[in-house]
Amino acid sequence: MGKIEMKTMKKQIALQIFILVTLTSNVSAQINNQIGGSWSPYLTGFFIGTLLLLTLYFSNKPIGVSSFYATLAGMIGKRVSPSHILKLDYYKNNPPEINWEFVFVISTVVGSFIAAYFGEEFNLSWVPQLWSNTFGTDSITRYGIIAFIGGIFMSFGARLADGCTSGHGISGTSQLNVASWISVICFFISGMIAIRFIY
Amino acid sequence: MINQKESKSSKLMKASIFGFIFGFLLQKGGVAKYEVIVGQLLLQDFTVAKIIMSAILVGMIGIYFLQRFHLIELQLKPTHIAANIIGGLVFGIGFAFSGYCPGTGAAALGQGNLNAIFYILGMLVGSIIFAELSKKLNNSVNKWGDKGILSLNEFFKIRKGTMILVMIVLLTSILGLLN
């Protein structure tokens, strides 16, 4: 097959995929007339899986979030002590600058805001409902400290395992990556045990 | 679409569109809620498992065909057994303590859950701690059980198509049970 034919074929297939996705989203819009409520988990999963195909095709990137936090931390650290940050192995291999993942996650916040705002689910709160129901409304400091420590554990673990619930849990598992299947199983086993110390 | 010449702004523009959709979906799926994540870990609410498994089904089948037609390249991370297990277990503690994960925490902030700020600050501190130790970790934990790029079908020594069929049966059975 000639190069030009190959190119046309690729374009055709891309168009087909695009039409398919548009059609299915129209169908789903009809199913889900109640925009305010949560969508079915199967439908949401279907769309996230499709989104992964699109990021791989159009950006040559898997969906991944956790490295964003390391990039942001590095950007802040660079302001304090550039020579020290840029000497660290991690930042030598992953320069702390605006990159694909960084823009992706900032937009995730915006996308969620728009979904919540127009779905009338946007409301400002400092304590999760379940937490205040269980531990009282004055327990915000305790939640803050535990969530902060949780964040430390999580980003350390994500960097060591080289991915998170998105990067390993969806993108890596879909590619049948052994690292991802091991990691995601460990995320949930450990999470299910650790939650028993809180609730 | 494997195109090396693309400009940086065009790449970032695509990232912003995809990120937007991702955040929109996380919010609509309900997984930006603290209660839904904690409910999953307590085995009371299976929204997270249902979303992840449906996404894997679609992603896995789609990736298999797109790759067969040479439309995408796989983006695989190397398997370091010790680092994956230890990192995974440490991650899980954070999962339970905060009630968020990196993607859903960002989405939680978007829907107005300001409590996610505590978690995000922790994420920044943890990242720096990891970076400080990255040299030591690269020379120790990362070398234990270093298998390089390894896929499930290579591990079980079966054909990729067969592996995918096995996974489809497995995932749909679990989804069926959860339903």
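In this text the structure is predicted, and so the values were computed from the model without any measurement.

## Remarks on the pattern of salt bridges
Inference 1: One pass over the full model with this rule turns up four salt bridges over all chains.
Inference 2: Between Lys-92 of chain A and Asp-89 of chain A there is a salt bridge whose closest N-O contact spans 3.9 Å. Of this pair, Lys-92 of chain A and Asp-89 of chain A both sit in helix H5 (residues 89-93), three residues apart, which is roughly one turn of the helix.
Inference 3: The buried category is assigned to Asp-89 of chain A, whose relative accessible area is 17%.
Inference 4: With its nearest N and O atoms 2.6 Å apart, the salt bridge here joins Lys-14 of chain B to Glu-6 of chain B. You'll find Lys-14 of chain B and Glu-6 of chain B in the same group, each marked buried.

## Some remarks on the confidence of the model for chain A
One rule of thumb: low pLDDT means the predicted coordinates there are not for detailed reading.
Inference 1: Summarising the model, chain A shows a mean pLDDT of 88, and 81% of its residues fall at 70 or more.
Inference 2: With pLDDT under 50 throughout, residues 22-37 of chain A is counted as low confidence; its partners more than four residues away or in other chains account for twelve contacts.

## Observations concerning the layout of surface pockets
Any space left empty among the atoms is revealed by the rolling of a water-sized probe across them.
Inference 1: Taken as a whole, the largest pocket holds about 830 Å³ of empty space.
Inference 2: Every residue lining the largest pocket is counted, 32 residues in all, and those nearest its centre are Ser-67, Tyr-90, Asn-94, Arg-159 and Asp-162 of chain A.
Inference 3: Where the lining of the largest pocket is concerned, the elements lending two or more residues are helix H3 (67-80), H5 and helix H8 (140-161) of chain A together with helix H6 (116-139) of chain B.

## Here we look at a nonpolar patch on the surface
Inference 1: A grouping of Ile-185, Ile-189, Ile-193 and Phe-197 of chain A together with Ile-81, Ile-85, Ile-86, Leu-89 and Trp-144 of chain B is seen on the molecular surface, where their side chains present a nonpolar patch of about 850 Å² in accessible area.
Inference 2: At the level of secondary structure, the elements contributing two or more residues to the nonpolar patch comprise helix H10 (178-194) of chain A together with helix H4 (81-98) of chain B.
Inference 3: Tallying contributions element by element places H4 of chain B first for the nonpolar patch, with four residues.
Inference 4: Among the secondary structure elements, Ile-189 of chain A is positioned in helix H10.
Inference 5: Here Ile-189 of chain A falls in the partly exposed class, since its relative accessible area comes to 41%.

## Section: the environment of Gly-157 of chain A
Inference 1: Within the element layout of this structure, Gly-157 of chain A appears in helix H8.
Inference 2: What makes Gly-157 of chain A buried here is its relative accessible area of 0%.
Inference 3: Taking the C-alpha atoms as reference, Gly-157 of chain A lies 9.7 Å from Ser-183 of chain A; in sequence the two are 26 residues apart.
Inference 4: Apart from residues lying up to four places away in sequence, Gly-157 of chain A is in contact with Gly-87, Val-90 and Phe-91 of chain B.

## Focus: helix H9 (residues 167-174) of chain A
Inference 1: Of all eight residues in H9 of chain A, eight are buried; the element is thus mostly enclosed.
Inference 2: The set of residues buried in H9 of chain A consists of Gly-167, His-168, Gly-169, Ile-170, Ser-171, Gly-172, Thr-173 and Ser-174 of chain A.
Inference 3: Tucked into the core, H9 of chain A has its buried residues touching helix H2 (41-59), H8 and H10 of chain A together with helix H3 (47-68) and H4 of chain B.
Inference 4: Looking at the residues trailing H9 of chain A, positive phi occurs at Leu-176 of chain A, about 60 degrees.

What counts and what doesn't
- Residues numbered from 1 in each chain as written.
- Chains lettered and ligands numbered in written order.
- Predicted model: local features only at pLDDT ≥ 70, side-chain atom pairs only at ≥ 80, totals over all residues.
- Heavy atoms only, no water.
- Salt bridge = Lys/Arg side-chain N within 4 Å of Asp/Glu carboxyl O.
- Helix = DSSP H or I, 4+ residues; strand = E, 2+ residues; numbered from the N terminus.
- Buried < 20%, exposed > 50% of the residue type's maximum accessible area, 1.4 Å probe, protein only.
- pLDDT = per-residue confidence, 0-100.
- Contact = heavy atoms within 4.5 Å.
- 1 Å grid on protein atoms, 1.4 Å probe; cavity = no way out; pocket = protein on both sides within 12 Å on 5 of 7 lines; lining within 4 Å.
- Points joined across faces, edges and corners; volume = space filled by probe spheres on them.
- Patch = residues over 30% accessible without salt bridge, like charges linked within 9 Å, V, L, I, M, F, W, Y side chains within 5 Å.
- Areas by Shrake-Rupley, 256 points an atom, 1.4 Å probe, with all protein chains shown as cover.

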